[in-house]
Amino acid sequence: MDQDPLAVLARLPAPDPRWFLRPDGRDGSPGIHGVGHTLRVLIHAVELGEALGIPPWEMEAVRAAALWHDIGRTDDGADYYHGAKSAGKVVGLGLYRRLPPHVAQTALYAVTHHSGSEEHGLRAGQRMPEPGSALRVFRILKDADGLDRVRLGDLDPSYLRLPPSPSRVARARELLRHLP
């Protein structure tokens, strides 16, 4: 049974709204890819990681990737390269420094590739030091982000990758109600 969203958030790190400041000075934190979206993706990612029984270091990478995945967006429309821009912003802000290097590298890989070609992301994951872990974190982030498409009204569960993900559609709607 899923926990109350606020109870889940109480045990997780929070995104800093300043991370969403765009190069032109606009504040992206209240937008459709801002703090609310990030919190919902974070909950999905952590709950998927728990359902899959991933090791603690992968969970740390999942949390970081979920928090950082959209901070480099320059607008809320189509932005194919926003994953790479987000990873660059993580590095520029020094956010990765609090993590062990292998955790930071895995999280940055997932962030970089979550918005581009899936095939390219999968090939890049094979070149990571721990490909199985990197690909698991990548897929968790992709599905967690995809589940929040309920906010746009176009979630297609057939695009979800992981076995527990399609059963989370009702949870996605619940999170959107509680964390708009």
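Residues numbered from 1 in each chain as written. Predicted model: local features only at pLDDT ≥ 70, side-chain atom pairs only at ≥ 80, totals over all residues. Heavy atoms only, no water.

## Considerations on the overall build of the protein chain
Keep this limit in mind: Here a helix means four or more residues in a row that DSSP labels H or I, a strand means two or more in a row labelled E, and each is numbered from the N terminus. The globule rule is 2.2 Å times the number of residues to the power 0.38, and the radius of gyration it is compared with is taken over C-alpha atoms. Here the term buried applies to any residue with accessible area under 20% of the maximum for its type, exposed to any over 50%, and partly exposed to those in between, with areas from a 1.4 Å probe on protein chains only.
Assigned secondary structure in the protein chain consists of eight helices and zero strands. Starting at the N terminus and ending at the C terminus, the protein chain contains elements arranged as α-α-α-α-α-α-α-α. Computed over its C-alpha atoms, the radius of gyration of the protein chain comes to 15 Å, within 12% of the 16 Å expected for a compact globule of 180 residues. Projected onto the principal axes, the alpha-carbon positions of the protein chain cover approximately 40 × 35 × 30 Å. Within the span of the protein chain, comprising 180 residues, buried residues form 53% of the whole.

## Remarks on the packing of aromatic side chains
Put simply, the test is: Here is the rule: rings of Phe, Tyr and Trp (six-membered ring for Trp) pair when centre to centre is within 6.5 Å. Planes less than 30 degrees apart are stacked, more than 60 are edge-to-face, and the remainder are tilted.
Applying the stated criterion across every chain, the model contains two aromatic pairs. Summarising the aromatic geometry, the rings of Tyr80 and Tyr81 are spaced 5.0 Å apart at their centres and angled 85° between planes, so their arrangement reads as edge-to-face. What makes Tyr81 exposed here is its relative accessible area of 59%. Between Tyr109 and Phe138, the aromatic rings sit 5.6 Å apart at their centres with planes inclined by 40°, giving tilted as the arrangement. Remark: Phe138 occurs in helix α7 (residues 131-147) and Tyr109 occurs in helix α5 (residues 101-113); sequence separation between them is 29 residues. For the pair shown, Tyr109 and Phe138 are each scored as buried.

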